[in-house]
Amino acid sequence: MRAQRRALVVGGSIGGLFAANALRAIGWDVTVFERVGDDLASRGAGIGVHDELLAVMRRMGLTVDETIGVMGRTRICLDRNGHTAHELPLPQLQSSWARIYRLLKDAFPDADYRFGMALEGVEQDASGVTAVFVDGSRAKGDLLVGSDGIRSTVRERILPEAQPRYAGYVAWRGLVDEWAIPPEVHRELFRYYTMCLPEGEMMLSYAVPGRDNDTRPGRRGYNHIWYRPTDYDRTLPGLCTDSSGRCHGISIPPPLIRPEVAARIKADARELLAPQIAAIVERTDQVFFQAIFDLESPRMAVGRVALLGDAAFVARPHVGLGVTKAALDAECLAREIAAADGDLKAALARYDAERRRFGTNIVARARRLGAYIEAQLKPPAERTAAERQPPAEYLMREIGSAAVDIDALTA
Ligand SMILES: Cc1cc2nc3c(=O)[nH]c(=O)nc-3n(C[C@H](O)[C@H](O)[C@H](O)COP(=O)(O)OP(=O)(O)OC[C@H]3O[C@@H](n4cnc5c(N)ncnc54)[C@H](O)[C@@H]3O)c2cc1C
């Protein structure tokens, strides 16, 4: 009988937890190393859910019932005056990052999940792979999974040439408690997946599980995401500068966003968005933003190291597939390892081929969907046909749409 093999999973967010649970299910000894010192469940916001994600979760033995999210059945597009310009029946389940993280984290033994472990280096040879941590400690295994997100240290060590590329815009986000929404706004919005399309921008809003992942009426949440062109050199540093004048780089912890920056977003919402949506933005206690990037890795495995989730490929959020992709990556990795009968090299080669094709396809698809927002930073005469604003009906059908996405991905 072969000795139990050991996997080191670096990054204990959703991608890392999918990998950890999947590898454990095929009999591996798995340890997760997460840089952050404490539970991550307070992170994140709404997450569009595809059937493929739920299917992976069920195959992993996780309980997926109706409390996993909030179902919207119809999409609407509102004009600047708040009238419904377009309507499209299209069922879509929305969950929250924390809800999915909780399920995955609870399924994995606490004793094998180590918080406060920041990876610094990776060493590998024929006998194994060693993770070297910032505190000087080391761990050795047969396989290292780099699931440490878009700024992956693991990727930096094995494929330094693969760098995220700024898409030219940021996503302003926020969450409002259902009970805090005025009744007339609730009536007009809450059951819909709503779009509002000021020129060159895109606002989406939809119901999600509320605080403590509650999906009961009255206790749900309402999530909004507003994509806005933002110049990388001239505007982004200002958004990332706190009240003391310190610039935090290309992101900033939400509580440090300057009050006048948050007030400006609310004022812009009143000027540019349907009044119902502006009312939602107005009632958001903490607006925050994330700069949008594309990332494509030339390989998903090098030696005994596999990249997974956002560490390998990041597609703009218009496909709503980041979590689903991480789950499918993890399932494929475990399946190929189990099928290879001890030949890790062959398993990783098959993992690389299958998941790299998927990653490349969704990055390209998401880039097409967001091309018109990116192009706003160019003079109109320099925009290509693909960079002109698409019709609202097209965006309503394609954004985060499970059926369309999955067809495109398997091609
Ligand atoms: C605006 C926006 C909207 C989105 N909407 C959706 C959606 O609707 N549906 C969807 O499926 N996806 C969506 N996504 C994408 C989704 O959030 C990500 O794809 C998903 O969270 C990626 O998970 P991950 O585990 O690969 O990476 P991450 O969640 O980034 O986790 C990486 C982990 O690694 C840890 N780490 C980093 N460096 C180190 C280190 N050196 N050592 C140890 N640990 C380390 C980090 O602390 C973190 O916990 C959206 C993203 C954005 C920006």
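Scroll up for the structure.
Since this is a predicted model, take the numbers as computed values, not measurements. Counting restarts for each chain: residues are numbered from 1 in the order of the written sequence. Local features in a predicted model are, by the rule used here, given only for residues with pLDDT of at least 70; side-chain atom pairs are given and counted only at 80 or more, and totals for whole chains, interfaces and linings are based on all residues. Side-chain metrics in this entry use all non-hydrogen atoms of the structure; hydrogen atoms and water are not considered.

Q: Mind showing me how you'd approach the site of the ligand here?
A: Throughout, the term near means that a residue has one or more heavy atoms lying within 4 Å of the molecule or strand in question. In the neighbourhood of the ligand, 32 residues make up the surrounding shell, with Ser 13, Gly 15, Glu 34, Gly 48 and Val 323 lying closest. Take Gly 320: an N or O atom from its main chain is 3.3 Å from a nitrogen atom of the ligand. Contacts to the ligand include Val 323, whose backbone N or O atom sits 2.8 Å from an oxygen atom. All accessibility values rest on the Shrake-Rupley procedure with a 1.4 Å probe; residue burial counts only the protein chains present in the view. When the ligand sits alone it has 1000 Å² of accessible area, and the protein chains cover 89% of it. We define a polar contact as two N or O atoms separated by no more than 3.5 Å, with the added condition that, inside protein, one atom must be a possible hydrogen donor and the other a possible acceptor, whereas residues neighbouring each other in sequence contribute only through side-chain atom pairs.

Q: Can you help me understand the environment of Ala 167 in this one?
A: Counting from the N terminus, the helices are DSSP H or I runs at least four residues long and the strands are E runs at least two residues long. Tracing the backbone shows Ala 167 in strand β11 (residues 165–177). A C-alpha to C-alpha distance of 38 Å links Ala 167 and Trp 28, two positions 139 residues apart in sequence. Any two residues having at least one pair of non-hydrogen atoms within 4.5 Å are treated as being in contact. When near neighbours in sequence (up to four residues on either side) are disregarded, Ala 167 contacts Ile 292, Phe 293, Arg 316 and Glu 374.

Q: I tried to follow the packing of helix α7 (residues 259–272) against helix α8 (residues 275–282) on my own but got confused; where do I start?
A: In a pair of packed helices, the angle between the axes and the distance between the axes together describe the arrangement. Angular values range over 0 to 180 degrees, each being the angle between N-to-C directions of two axes fitted as lines to C-alpha atoms, with helices fitted over their stretch in contact. Running from N to C, α7 and α8 point in directions that differ by 170°, and their axes come no closer than 8 Å. Regarding the angle of α7 to α8, the classification is roughly antiparallel. Here α7 runs over α8; the crossing is left-handed. Where α7 approaches α8, its residues Ile 265, Lys 266, Ala 269 and Arg 270 are matched on the opposing element by Ala 278, Val 281 and Glu 282. Under this grouping Gly is polar, as are all residues other than the nonpolar Ala, Val, Leu, Ile, Met, Phe, Trp, Tyr, Cys and Pro and the charged Asp, Glu, Lys and Arg. When its residues are assigned to classes, the contact of α7 with α8 shows 4 nonpolar, no polar and 3 charged. Any angle from 65 to 115 degrees is called roughly perpendicular, while one under 35 is roughly parallel, one over 145 is roughly antiparallel, and all others are oblique. For any pair of crossing helices, the crossing counts as left-handed if the nearer helix is rotated counterclockwise from the farther one by less than a right angle, and right-handed if it is rotated clockwise.

Q: For this particular structure, what's the right way to read the pairing of strand β3 (residues 46–49)?
A: It is a general feature of regular strands that their side chains alternate between the two faces of the sheet. Residue exposure (1.4 Å probe, protein chains only): buried if accessible area is under 20% of the type maximum, exposed if over 50%, otherwise partly exposed. On β3, burial covers both faces: Gly 46 and Gly 48 on one face and Ile 47 and Val 49 on the other are all buried. Relative to strand β5 (residues 84–96), β3 runs antiparallel, the two sharing 4 bridges. The partner of Gly 48 across the bridge, within β5, is Gln 94. Two strands qualify as a pair provided DSSP detects at least 2 bridges between them.

Fair warning: the whole summary comes from geometry, so function is off the table for now.
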